[in-house]
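One letter stands for each residue in the lines below.
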There are 2 protein chains.
Amino acid sequence: MNLLHETLKAIKPVDEKWYAVAQKRLDYLTKPPGSLGRLEEFARRVVAITGNKNPIIDRKVMFTFAGDHGIVAEGVAAYPKEVTTQMVLNFLRGGAGINVLARHAGVEVVVIDMGVDHVFDGVEGLMNMKVMRGTRNFAKGPAMTREEAITCIEKGFELANGYARKGYKMFGTGDMGIGNTTPSSAIVAAITGRPVSEVTGKGTGISEEALTRKIAVIENALKLNTPDGKDAVDVLAKVGGAEIGGIAGLVLGAAANRIPVVIDGFISTAGALIAYVLEPSSKDYMFAAHNSVEKGHRVMLDAMGLTPILDLDMRLGEGTGAALAMPLIEAGIKIYKEMATFQEAGVSDEIIN
Amino acid sequence: MNLLHETLKAIKPVDEKWYAVAQKRLDYLTKPPGSLGRLEEFARRVVAITGNKNPIIDRKVMFTFAGDHGIVAEGVAAYPKEVTTQMVLNFLRGGAGINVLARHAGVEVVVIDMGVDHVFDGVEGLMNMKVMRGTRNFAKGPAMTREEAITCIEKGFELANGYARKGYKMFGTGDMGIGNTTPSSAIVAAITGRPVSEVTGKGTGISEEALTRKIAVIENALKLNTPDGKDAVDVLAKVGGAEIGGIAGLVLGAAANRIPVVIDGFISTAGALIAYVLEPSSKDYMFAAHNSVEKGHRVMLDAMGLTPILDLDMRLGEGTGAALAMPLIEAGIKIYKEMATFQEAGVSDEIIN
């Protein structure tokens, strides 16, 4: 609990003076002012986040948090629960979507067991931060205790602090957990007050019938557990998930360490929303990687005032959207650092009308 | 003329059977079917374009075509004409936006003088395909003769054929030419029949007053020159530009060689539209890199049925959007080639509802 309070206290809004500092250099570069659009925004933001006129983004890491969900007993997921474990092993062998896209982007992948319902004894390469063997079924009562929820968040801080110390300069978030669009939709509804039907989609591909059931399950669970939308830890404990708590903690830890953090899709953004409610200025450190197909994602982005970088009709999770967005943010930094100025290049910057 | 006819004859629509072949493999991979959205589309399309179940995209090249425009005498551009020459030299020194973004994406940059109003004597690294020293002012008469327009297109084929022979596997298009949004808007209006005011924007950043003038200049030029929207060579000759002709030729040459070609923004898409009118199936080989801020870009993409990959509020040209999009297309190919199948990974593909 001390760690939670300390971390929240360490997060400060970025100093907006850096935006102007960065824009000044951007406007000297050999291009019409503003013509590189959001690439210029990415550069300004990274300068402000790091408080460094000359930011270096060399080592990048993707954290893929895994957890299981008691709520799958209600028939809300397209795949059997065992797939969480199987996919964790797939990640460690390098065969999953996130592995391919992270390699492509030059990003390291760290896979974290936050709450998978399986004992991974002696499995190499897996980071063990297990808080529980799956959450409890929140159709019957809270998914976690308040203490468990805080422990999940604090594990996220630990990760962020450790990788900040090791010299990583950009973080990404990802998730794996069969059934985890259900707690994510429950979190959006609890925090934003929007009707469950407006923020609940088909996840990995359930039928219309299962979607109707999923909506009813969430509506009933919110009535049963009555999470307090203003108390993010309460929401996470009652209708959340272990991997979502880990993501929330990582995002807060990134902000406390002034490291840009690229938020993947629906589940990662639910984690980021928990972080945002705990400390709104944490959003200064977030980049929204993409616009997920999953209904309800945009509601969260709008609530936090984030604009997604990509819109490629994706809905896989794992961090795949974040891995695609990272090189675009880097592109903005490189534009800022590597382009010639009008003066250096002997190009006229006279605007004649 | 023979070369033009031969190239057009060599372009065939892609064989749609390849889409199903590629999708079959995509559906065996360890992800819910379709969950990687447009990345899966990119993979299907590259398989179909190359007619290769196992396409290799290693060497990529960006062609940045430069030309000057007599129409700048009418006060339609924000920068003086000399900036075209200055920027060509900036490209060759590696200091421009396209250099930075191409390096970031692992793409070679080739700069082509198609019609700059400057003699680059002994300048290293510049490809000399000069057809003219700037187009004529099309407010007073045709920008080029029909023969000059065909020569520009044929130079583009030569480039495509040469780089196909050298083993390059993906092409991108880019442009540099002060004033070249004006011919591009004229091309869109002439070919699509849309009002000039709906397809003309502020280019690199002219004033409202200059925009009003630019629209009037284009409207009058279309009345004076009466280009035939069904005869793309006529449109290119009367109200086009040398670099736009080179881009059209490159796109057609890419299609004839079955090489995917990534179209940058507004000016490149005007070139691609010329190619499309000459041979509609050339569009099977095109990827639309991004949605330019420039008004009228979307009109062309819609006319060809292309959906842009990125939307980052950019309007620089040079190939900058294409350089950002290429790694996303490659990401789709890598997903297709490198991800584990359900069977390989021991992951259950049972869908339970």
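Residues numbered from 1 in each chain as written. Chains lettered and ligands numbered in written order. Predicted model: local features only at pLDDT ≥ 70, side-chain atom pairs only at ≥ 80, totals over all residues. Heavy atoms only, no water.

Enquirer: Account for the overall build of chain A, with residues named and values stated.
Expert: Regarding its fold elements, chain A presents 14 helices and six strands. Taking 20 Å as the expected radius of gyration for a compact globule of 353 residues, we find that chain A reaches 20 Å, a close match to that expectation. If you line up chain A on its principal axes, its C-alpha atoms span 70 × 45 × 40 Å. Taken over 353 residues, chain A has a buried fraction of 64%. Long-range contacts, defined as pairs at least 24 residues apart, comprise 76% of the intrachain contacts of chain A with a sequence gap of at least 6. Counting every atom, chain A has about 12,000 Å² of accessible surface; 49% of that belongs to carbon and sulfur. For chain A, the distance from the average site of its 38 positive side-chain charges to the average site of its 41 negative ones is 2 Å. (Helix = DSSP H or I, 4+ residues; strand = E, 2+ residues; numbered from the N terminus. Rg over C-alpha atoms; globule rule 2.2 N^0.38 Å. Buried < 20%, exposed > 50% of the residue type's maximum accessible area, 1.4 Å probe, protein only. Contact = heavy atoms within 4.5 Å. Areas by Shrake-Rupley, 256 points an atom, 1.4 Å probe, with all protein chains shown as cover. Lys, Arg positive; Asp, Glu negative; His and termini not counted. Charge placed at Lys NZ, Arg CZ, Asp CG, Glu CD.)

Enquirer: Describe the interface of chain A and chain B, naming the residues involved and giving the relevant values.
Expert: At the interface, 61 residues of chain A touch 61 residues of chain B. Connecting chain A to chain B are two salt bridges. Measuring nitrogen to oxygen at the nearest pair gives 3.1 Å for the salt bridge that ties E338(B) to R103(A). Along the contact surface separating chain A from chain B lie 20 residue pairs in polar contact (both at pLDDT 80 or more). Among the elements of the structure, α3 (37-50), α4 (82-93), α5 (97-105), α8 (208-225) and α13 (320-338) of chain A are those that each provide at least two residues to the side of chain A that touches chain B. Considering each element in turn, the side of chain A that touches chain B owes the most residues, nine residues, to α13(A). Residues that form the side of chain A that touches chain B fall into these classes: 32 nonpolar, 17 polar and twelve charged. (Salt bridge = Lys/Arg side-chain N within 4 Å of Asp/Glu carboxyl O. Polar contact = N/O pair within 3.5 Å; in protein donor to acceptor, adjacent residues only side chain to side chain. Nonpolar A, V, L, I, M, F, W, Y, C, P; charged D, E, K, R; others polar.)

Enquirer: Describe in detail the relation of the copies chain A and chain B, supporting the description with residues and values.
Expert: Of the transformation placing chain A onto chain B, the axial shift is 0.0 Å and the rotation is 180°, giving an RMSD of 0.0 Å. Such a combination of rotation and displacement between the chain copies is what one expects of a two-fold axis. Relative to the rotation axis, the C-alpha of L310(A) is the closest in chain A, positioned 3.3 Å from it. Most of the interface of chain A is mirrored in chain B, where 100% of its interface residues again form contacts. (Least-squares fit on C-alpha atoms with pLDDT ≥ 70 in both.)

Enquirer: Outline the side chain of S282(B), supporting the account with residue identities and numerical values.
Expert: With respect to the helices and strands, the residue S282(B) is situated in the loop between α11 (266-278) and β6 (286-288). If sequence neighbours within four positions are ignored, S282(B) has contacts with I11(B), L252(B), A255(B), A275(B) and Y276(B).

Enquirer: Give me the lowdown on the packing of aromatic side chains, citing residues and values where you can.
Expert: Per the stated rule, a full pass over the model turns up nine aromatic pairs over all chains. Summarising the aromatic geometry, the rings of F42(A) and F287(A) are spaced 6.1 Å apart at their centres and angled 80° between planes, so their arrangement reads as edge-to-face. In this pair, F42(A) is assigned in helix α3 and F287(A) in strand β6 (residues 286-288), connecting sequence segments 245 residues apart. Each residue in the set F63(A), F65(A), Y163(A), Y168(A) and F171(A) is aromatic and connected to the rest through ring pairs, giving one cluster. When the ring centre of F287(B) is taken as reference, the NZ or CZ atom of R45(B) above it lies at 4.2 Å. (Phe/Tyr/Trp six-rings, centres within 6.5 Å; stacked < 30°, edge-to-face > 60°. Lys NZ or Arg CZ within 6 Å of the ring centre and 35° of its normal.)

Enquirer: So, the nonpolar core: which residues are in play, and what are the values?
Expert: Membership of the largest hydrophobic core comes to 276 residues, with the highest contact counts inside it found for L39(A), F63(A), F171(A), L39(B), F63(B) and F171(B). Leave out the neighbours within four places in its chain, and F63(B) touches V110(B), I112(B), L159(B), Y163(B), F171(B), G172(B), T173(B), G174(B) and L250(B). (Core = buried A, V, L, I, M, F, W, Y, C linked by side-chain atoms within 4.5 Å.)

Enquirer: I'd like a description of a negative patch on the surface, backed by residues and values.
Expert: Judged by side-chain charge, D311(A), D313(A), D311(B) and D313(B) come together as a negatively charged surface patch. Secondary-structure assignment places D311(B) in the loop between α12 (297-304) and α13 (320-338). (Patch = residues over 30% accessible without salt bridge, like charges linked within 9 Å, V, L, I, M, F, W, Y side chains within 5 Å.)

Enquirer: Just give me the short version of the pairing of strand β2 (residues 108-115) of chain A, but keep the residues and values in it.
Expert: All names here are of chain A. Within β2, six of the eight residues are buried, leaving the element largely enclosed by the surrounding structure. With seven bridges connecting them, strand β1 (residues 60-67) and β2 associate as parallel partners. Each residue of the ladder has a partner; that of A66, found in β2, is D113. The pairing of β2 with strand β3 (residues 126-128) spans three bridges and is parallel. Bridging across to β3, V111 finds its partner in L126. (Pairing = 2+ DSSP bridges.)

Enquirer: Residues and numbers for α13(B), please.
Expert: With 19 residues, α13(B) extends 28 Å between its outermost C-alpha atoms, agreeing within 8% with the 27 Å of an ideal straight helix rising 1.5 Å per residue. Counting buried residues along α13(B), 16 of its 19 residues qualify, which places the element largely inside the surrounding structure. (Expected span 1.5 Å × (residues − 1).)

Enquirer: Which residues make up the packing of α3(A) against α13(A), and what values do they have?
Expert: Residues and elements named next belong to chain A. α13 packs onto α3 with a crossing angle of 85° between their chain directions and a minimal axis gap of 7 Å. When the axis of α3 is compared with that of α13, the two are roughly perpendicular. For the pair formed by α3 and α13, the contact residues are L39, F42, A43, V46 and V47 on the first element and L328, I329, A331, G332, I333, I335 and Y336 on the second. Its residues assigned to classes, the contact of α3 with α13 comprises eleven nonpolar, one polar and no charged. (Axes fitted to C-alpha atoms, helices over the stretch in contact; angles between N-to-C directions. Parallel < 35°, antiparallel > 145°, perpendicular 65-115°, else oblique.)

Enquirer: Talk me through unusual backbone geometry; I want residue IDs and the actual numbers.
Expert: A positive phi angle is found at T226(A), which is not glycine, with a value near 40°. Turning to its location among the elements, T226(A) is positioned in the loop between α8 and α9 (232-239). Its relative accessible area of 52% is what places T226(A) among the exposed residues. With a phi close to 75°, E318(B) is a non-glycine residue in the positive phi region. Structurally, the position occupied by E318(B) is in the loop between α12 and α13.

Enquirer: So what about the pattern of salt bridges? Which residues, and what values?
Expert: Residues and elements named next belong to chain A. Scanning all chains against the criterion turns up 28 salt bridges over all chains. One salt bridge connects E41 with R38, and the closest N-O pair in it is separated by 2.9 Å. Separated by three residues within a single helix, E41 and R38 lie in helix α3, roughly one turn from each other. Across the pair K130 and D113 runs a salt bridge, and its minimum N-O distance is 2.8 Å. Highlighted residues: K130 in the loop between β3 and α6 (146-165) and D113 in strand β2, separated in sequence by 17 residues. Overall, the relative accessible area of 27% leaves K130 in the partly exposed class. Overlapping salt bridges, with partners in common, bring together K81, D117 and R133 in one network.

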